[in-house]
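One-letter residues, chain by chain:
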Amino acid sequence: MSAANLKVLIPVTKLTCAGCVRRATTALSAVPGVQQANVNLASGNAELSLEAATVLPQVVSALEQAGYPTRTEALLFSIRGMHCASCVSKIEQALRQIPGVLSAQVQLVNSQLQLSRISGLAQTSELLATVQRLGYQAKVVDEQHADPELEQQAAQRRLKRQFWLALALTLPVFVLEMGGHLLPAFAALLQRVLLPEHSALLQFTLTTLLLAWPGRDFFRIGLPNLWRRSPDMNSLVALGTLAAWSFSTLVTFAPELIPQVSRHLYFESAAVIITLILLGRYLEGRARGRTGAAIRKLLGLKVSQVRVRVNDSYQDLPLADLKVGMQFLVRPGERIAADARVISGESWVDESMLTGEPQPVAKQAGTVVTGGTLNGTAGALLCEAKAVGEQTVLAQIVRLVQQAQSSRLPIQALVDKVTAVFVPVVLLIALLTALLWLWLGGEQALTQALVNAVAVLIIACPCAMGLATPVSIMVGTGRAAELGVLFRQGAALQQLQQVRLVAFDKTGTLTQGKLALTDIVATADLTAQQVLAIVAALEQFAEHPLAQALVAAAQTQQLPFAATTEFQAMNGQGVTALVDGKRYYLGNLRLLAEQLPAQFPAAELQDASQQQQLQQLTAAGKTVIFLADTERLLAMIALADQLRPESQAAVQALQQAGLTVVMVTGDQLPTAKAVAKQLGISEVRAGVLPEGKQQLVEQLKQQYGKVAFVGDGINDAPALAAADVGIAIGTGTDVAIEAADVVLQRSDVGSVSQALQLSAAVMRNIRQNLFWAFAYNVLLIPVAAGVLYPFTGTLLAPGLAAGAMALSSIFVLSNALRLQRFR
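Owing to the predicted nature of the structure, the values given are computational and were not obtained by experimental measurement.

Q: Could you clarify how one ought to interpret the overall build of the protein in this entry?
A: Within the protein, the regular secondary structure consists of 30 helices and 29 strands. Against the 2.2 N^0.38 benchmark of 28 Å for 823 residues, the protein shows a C-alpha radius of gyration of 36 Å, more extended than a compact globule. Dimensions of the protein along its principal axes, counting C-alpha atoms only, are 125 × 75 × 65 Å. When each of the 823 residues of the protein is scored for burial, the buried share is 51%. Within the protein, counting contacts between residues at least 6 apart in sequence, those at least 24 apart form 68% of the total. A total of about 37,100 Å² of accessible surface is found on the protein, and carbon and sulfur atoms cover 56% of it. In the protein, 62 positive and 57 negative side-chain charges are present, and the distance between their average locations comes to 9 Å.

Q: Would you explain the sheet that holds strand β24 (residues 633-643) in this entry?
A: Two orientations exist for strands paired in a sheet by backbone hydrogen bonds: parallel and antiparallel. Across the sheet, which stays open at both edges, the six strands sit in the order β19-β24-β23-β22-β21-β20 with antiparallel pairing between neighbours. Whereas interior strands pair on both sides, the edge strands pair on one side only; in this sheet they are β19 (511-522) and β20 (564-570). Strand-to-strand twist across the sheet, computed as the mean angle between neighbouring axes with direction ignored, equals 20°. In the packing of helix α19 (residues 528-539) onto the sheet, the strands contacted are β19, β20, β21 (574-579), β22 (582-587), β23 (623-628) and β24, and the crossing angle to β21 comes to about 105°.

Q: Help me out: how do you make sense of the packing of helix α15 (residues 445-459) against helix α30 (residues 798-817) in this one?
A: Each pair of packed helices gets described by two things: the angle between the helix axes and the distance between those axes. Viewed as axis vectors pointing N to C, α15 and α30 meet at an angle of 10°, and their least axial separation amounts to 8 Å. Comparing the axis directions of α15 and α30 gives the class roughly parallel. In contact with V451, V454, A455, I458 and I459 of α15, α30 contributes P798, A801, A802, A804 and M805. Of the residues assigned to the contact of α15 with α30, the class counts are ten nonpolar, no polar and no charged.

Q: Is there a simple way to think about the domain arrangement of the protein in this case?
A: Interface size, as often reported, equals the accessible area lost upon joining of the parts. Assigned domains within the protein: domain 1 (6-66), domain 2 (72-144), domain 3 (153-292 + 406-470 + 768-818), domain 4 (323-387), domain 5 (483-510 + 643-758) and domain 6 (513-641). Distance from the C-alpha centre of domain 4 to the C-alpha centre of domain 5: 31 Å.

Q: Help me understand the side chain of S751, please; the structure alone is not making it clear to me.
A: Within the secondary structure, S751 sits in helix α28 (residues 750-785). If we ignore the near neighbours within four places in the chain, the residues touching S751 are V485, L744 and R746.

Q: I'm lost on helix α3 (residues 85-96) in this one. Help?
A: Since the α-helix turns once every 3.6 residues, residues separated by three or four places project in the same direction. Given a rise of 1.5 Å per residue, twelve residues ought to cover 16 Å, and the 17 Å separating the end C-alpha atoms of α3 matches this to within 8%. Of all twelve residues in α3, nine are buried, a share of seventy percent or more. By the burial criterion, the buried members of α3 are A85, S86, C87, V88, S89, K90, I91, E92 and L95.

Q: Mind showing me how you'd approach the UniProt feature "domain: HMA" (unreviewed entry) in the protein here?
A: Per the UniProt annotation, the sites labelled "domain: HMA" (unreviewed entry) are residues 6-71 and 73-139. With 33% helix and 37% strand, residues 73-139 has end C-alpha atoms that lie 16 Å from one another.

Q: How do you make sense of the pairing of strand β9 (residues 313-318) when you look at a structure like this?
A: Consecutive side chains along a regular strand alternate between the two faces of the sheet. Relative to β9, strand β8 (residues 305-310) runs antiparallel, the two sharing six bridges. Across the sheet, residue V308 finds its bridge partner in β9, namely Q315. If you look at the hairpin formed by β8 and β9, you'll find two residues sitting between the two strands, and N311 has a positive phi there, around 60°.

Q: Sorry if this is basic, but what is going on with a nonpolar patch on the surface here?
A: A surface patch of nonpolar side chains, about 530 Å² in accessible area, is lined by L428, L431, L432, L435, L438 and L446. In terms of residue count, helix α14 (residues 412-440) provides more of the nonpolar patch than any other element does, five residues in total. The residue L432 is located in helix α14 in this model.

Q: Help me understand the pattern of salt bridges, please; the structure alone is not making it clear to me.
A: Side chains that differ in charge, positive against negative, can pair when their charged atoms come close. Throughout the structure, instances matching the rule amount to 18 salt bridges. Taking the shortest distance from any N to any O, the salt bridge between D217 and R220 comes out at 3.4 Å. Taken as a pair, D217 and R220 lie in helix α8 (residues 216-227) at a separation of three residues, close to a single helical turn. Residues joined in a network through salt bridges with shared partners are R158, D217 and R220.

Q: Sorry if this is basic, but what is going on with the UniProt feature "transmembrane region" (unreviewed entry) in the protein here?
A: According to UniProt, the positions carrying the feature "transmembrane region" (unreviewed entry) are residues 163-186, 198-215, 236-258, 264-283, 418-440, 446-469, 770-789 and 795-817. Helix and strand shares over residues 236-258 are 78% and 0% respectively, and the end C-alpha atoms of the span are 24 Å apart. A distance of 31 Å separates the end C-alpha atoms of residues 418-440, which is 100% helix and 0% strand.

Q: Help me out: how do you make sense of unusual backbone geometry in this one?
A: Glycine aside, the phi torsion of most residues is negative, and most peptide linkages are trans. In this model, A122 sits at a positive phi of 50°, which is unusual for a non-glycine residue. Counting through the fold element by element, A122 comes out in the loop between β6 (112-118) and α4 (124-133). Of note, D580 is a non-glycine position whose phi angle comes to about 55°, a positive value. In this fold, D580 is placed in the loop between β21 and β22. D580 sits in the exposed class, given a relative accessible area of 61%.

Q: What exactly am I supposed to notice about the environment of A719 here?
A: Structurally, the position occupied by A719 is in helix α26 (residues 717-722). Between the alpha carbons of A719 and G692 there is a distance of 8.7 Å; along the sequence they are 27 residues apart. Here A719 is in contact with K693, Q694, V697 and F709, once residues within four sequence places are set aside.

Conventions used here
- Going along each chain's sequence as written, the residues are numbered from 1 onward.
- In view of the model being predicted, local features appear only for residues whose pLDDT reaches at least 70, and side-chain atom pairs are presented and counted only at 80 or more, with totals across whole chains, interfaces and linings using the full set of residues.
- Calculated side-chain values reflect all of the structure's heavy atoms, with hydrogen atoms and water omitted.
- Secondary structure elements follow DSSP: runs of H or I of four or more residues count as helices, runs of E of two or more count as strands, with numbering from the N terminus.
- Put simply, the radius of gyration uses C-alpha atoms, and a globule should come to 2.2 Å times the residue count raised to 0.38.
- Only protein chains enter the accessibility calculation, which uses a 1.4 Å probe; a residue is then buried when its area is under 20% of its type maximum, exposed when over 50%, and partly exposed in between.
- Residue contacts follow a heavy-atom distance rule, with two residues in contact if any of their heavy atoms lie within 4.5 Å.
- A 1.4 Å probe and the Shrake-Rupley method give the accessible areas. Residues count as covered only by the protein chains that appear here.
- Residues scored as positive are Lys and Arg, those scored as negative are Asp and Glu, and His as well as the terminal groups of each chain are ignored.
- Charge coordinates come from a single atom per side chain, which is NZ of Lys, CZ of Arg, CG of Asp or CD of Glu.
- One requirement defines pairing of two strands: DSSP has to find at least two bridges between them.
- Convention adopted: a line fitted to C-alpha atoms gives each axis, helices being fitted over their contacting stretch, and angles between N-to-C directions are expressed from 0 to 180 degrees.
- Should an angle fall under 35 degrees it is called roughly parallel, over 145 degrees roughly antiparallel, and 65 to 115 degrees roughly perpendicular, with every other angle called oblique.
- For this scheme, ten residues count as nonpolar: Ala, Val, Leu, Ile, Met, Phe, Trp, Tyr, Cys and Pro. Four count as charged, namely Asp, Glu, Lys and Arg, and the remainder, Gly too, count as polar.
- Note that domain bounds follow an automatic or database assignment of domains.
- The span one expects for a helix is its residue count, reduced by one, times 1.5 Å.
- UniProt positions are given in the numbering used here, feature names are shortened, and annotations may be inferred rather than shown by experiment.
- Candidates for patches are residues over 30% relative accessible area with no salt bridge; among them, like charges are joined within 9 Å and nonpolar side chains (Val, Leu, Ile, Met, Phe, Trp, Tyr) within 5 Å.
- Any carboxyl oxygen of Asp or Glu that lies within 4 Å of a side-chain nitrogen of Lys or Arg is treated as forming a salt bridge with it.

Below is the structure:
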């Protein structure tokens, strides 16, 4: 409902002084449609006079930008009785007119309504009553305890009962009316056993029972909506079947009102229409159930019981009783109850259901395990809970997938516009069809007008239009989750397949993000292992990443660490110490020049071959440090941030798909070019500071069009947000993940190509569905109206129209389900 001079009272937060009141009042008064605004500091409310309820979303936005947000609430409703896109549109439009409702989004696929409202406005009882007045049943869903699958199963059982009852009532009617046409001998037998008037009376009784019992929902919802001038698909079915039933009832009880030539019974058409549509809805419901398989599979990873350590014994407790800090035991073959750290034990854990990675991962004391993953048979793990309930990775994944599945893509706007006018247009076409046949139909004008008008009403179901986009999103995002690709926003599905350039952050994305030893060039009579042993002894007390990489390399080769004394770290240069009583220096050339000026004047290598080797190492993008004693240079040690094993193949896959690939890094150009050369990337942006990445993304968008940015660090968050599609490596920081549109559960950047391919597959699937839905109606409505009759003598029977209508929705659902097989 929209009303002039509508007065509402909304809460305003963060008001602390008169200045706050002034700024909030100014922000509200600037909103078009706000006639008067009065902010009260004491009550924390704003009294508004509005032109219409639809101004409230702009009011909320204005308060948010001013820094004084209102309080909002999110509600989830389960709705029964929806069958097509016009149902969705009708409910959303009605709810958005209620003062206080900020957004209302209905999902036809899972029969749910997500609604956002201002606290204190749009009471739940009013929302429920509005939906009820439209002819649908609604209830508030408790997200903590709701079981959508049980509700869906109950709805399916109800549809199944309705269908079988309708079929039982339809078969006798069909046999009585059509049996004689199919088998002439049967017609002769029927005339001897049952008089025509008795046959008509029996058909009337059975069809009336069918319409009043299993078919009552079509009339209970459709006729009131017709009266309110907001017809839906139920209205079309109700009108069509009621017309066939009413005409046949007149022929049965008042034949004198109908011309002799037109006295035909169409009870079987009304019965067959209801039965076939119920069958279609039942099959459609079964197919819809399969679209939520990914979510059910994820929810199925949760355990119900956990074996908690209490003192020196173990006790089985419900999962809800597990708290952070508690220790619990995971036996071989059991699922892990929560995100935790392993305290003791060793095993291999299957993480494929969360990451898509088929190889099990080794776990031992100190490593992290994720709730929902499966412990192998190698051993038991004693774990300490670090995150439980809604804070676990599994719960967050489920939330992200549900959020993506309920998103509405930009392409859906076209469908919404068409379905808003579709049913009224169909009613007009049906009326014109009836009038044309009454005018041109000759002796059978009345009969043909009825049959063709009913066929138009029945064939023109907008169900397939309403299902075309959401079912593909639901199946596609679910399949993506199984492969370790999480779409935080469903709209990213559409944006991603439009991307023309993919920009990668280098460190931690294309590379592993940590230095590793690559080369030891001994310049004296020492072996590489002897050099590494000395270096590790020098660095064992240092905390620099270079030191950690060298010590790790020595530990990997199981080299002994010599005794070290008189250790000294020189900031920005390196370290020096006595190793087995002998003085060594490890660091850059500046260190050697200061400590050994005679051997290394001007911080340069004097030997030409050594200088050439150094240039080769630095040209390859490696960091080089030097080991020397008090007399000479002993070795050059090179370290580098290693490429991820899959990075080169990932870049090639994107380039083969016709995309431009750019590497972005804060490194100097020579180092950046060396890494880019290994990857086959020609476009490099080097020396980019963290604050410059966002500006670079804006420049790339202007130059190339749609841009995807892939990163993992805190300094990538602005660039991820600025890109058309931000893709975060799941092993990255929480800030980066929150800023992204797509999250890769694995550190495998090959998943970027997989996400792009999946996006293209989903959008292709949606276009196929929409083409079918629109082409079906464009082609078959004229056929139902009888356009082929002058050329072929063919008319579309209402029963066949009902079957074709049901098949259209089933086709769309079946096509969407093909995405489950995406590889």
